[in-house]
Amino acid sequence: MAQAVALLSLVVLVSAVPFAKVQLAQLPSFVPIYESALILNDLITAALLFGQFAITRSRAMLALASGYLFTAATAVGHLLSFPGLFASGGLLGAGPQSTAWIYMFWHAGFPLFVMAYAMLKAREEREPDRYPAHMLTRQTALGTVAAVLGASAACVALATAGEHLLPAIMVANRYTPIMGIVAGTTWFFCMAALIVLWRSRPHLTLDIWLMVVLCVWICDVALSTVFNGGRFDLGFYAGRVFGLMGASFVLLLLLIENTVLHSRLAAARAEIKRLAASNVVDREG
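Residues numbered from 1 in each chain as written. Predicted model: local features only at pLDDT ≥ 70, side-chain atom pairs only at ≥ 80, totals over all residues. Heavy atoms only, no water.

A. Main features of the confidence of the model for the chain. For the chain, the average pLDDT comes to 88, and 95% of its residues sit at 70 or higher. Mean pLDDT across the elements of the chain bottoms out in helix α8 (residues 234-284) (81) and peaks in helix α3 (residues 59-81) (94). (pLDDT = per-residue confidence, 0-100. Helix = DSSP H or I, 4+ residues; strand = E, 2+ residues; numbered from the N terminus.)

B. Structural detail: helix α5 (residues 138-160). For α5, built from 23 residues, the straight-helix expectation of 33 Å at 1.5 Å per residue is met to within 8% by its first-to-last C-alpha distance of 33 Å. Every buried residue belonging to α5 is among A141, V148, S152, C155, V156, A159 and T160, and all of these are buried. Where α5 is buried, its residues meet α2 (30-56), α3 and α4 (98-126). (Expected span 1.5 Å × (residues − 1). Buried < 20%, exposed > 50% of the residue type's maximum accessible area, 1.4 Å probe, protein only. Contact = heavy atoms within 4.5 Å.)

C. Region of the structure containing empty space enclosed by the protein. Counting across every chain of the model gives 1 cavity of 30 Å³ or more. Roughly 80 Å³ of volume is contained in the largest cavity. In terms of lining residues, the largest cavity is bounded by 13 residues, among which A100, Y103, Y175, R231 and R240 are the most central. For the lining of the largest cavity, the elements supplying multiple residues, two or more each, are α4 and α8. Considering each element in turn, the lining of the largest cavity owes the most residues, 4 residues, to α4. Looking at the lining of the largest cavity residue by residue, the class counts come to 8 nonpolar, 3 polar and 2 charged. (1 Å grid on protein atoms, 1.4 Å probe; cavity = no way out; pocket = protein on both sides within 12 Å on 5 of 7 lines; lining within 4 Å. Points joined across faces, edges and corners; volume = space filled by probe spheres on them. Nonpolar A, V, L, I, M, F, W, Y, C, P; charged D, E, K, R; others polar.)

Rendered as structure tokens:
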């Protein structure tokens, strides 16, 4: 199923690239609906992954949970700064370049967290004694959450208050030539994360679906910033649909796994009760 989803994503990408610059109508409700759903998905995924970390005390799981928290927090900044939604120029003191730069920080940051997850997972499997679980306390997790939120806030602040320090990548709703370099770098991070995760064998089920997420993420960045021409063209809309799909895969996997674990637990309890009842009957007999 994972291979089918990844292949379908690539087919849709190849089919959409020739039409990515076709200008479409501006849909004011699209961005808030899309980003609200995406932020909610990422926050729930981060909460479930932090729950997994509380059980396993795995540094790799903490890194992945932090990645989803970073995307959710940075997407909030992107939503608030988007021009024309809450204010003509966006909130948070945003300028004409702010929203585009926040998008780049957001989409370059998540692959870095995935790479950290892959490398930490490989180290924990290779040298389990060197990374004891008891060393990771609740304070460590809270400190990591604070650091991730601080990093997200710093990215948003750089793109808004420090906008003058960054190159111009937007003119009105169209991209400048510099956008090609910035978007290409972000795209490279996504591909590098996919390669690093692929090389970190053996693959868990979570790893397989994370690779699918990265494939979809690559399609998102490609359509939204590499092959299209700016806001509100076909690539803009199609890329964000890909992004919402990518945000849903790991969440669905975690929810399905939780359901399966609860069903196994219920079956085990029923079996224990049955054995206890048969033992009582045997003693009485």
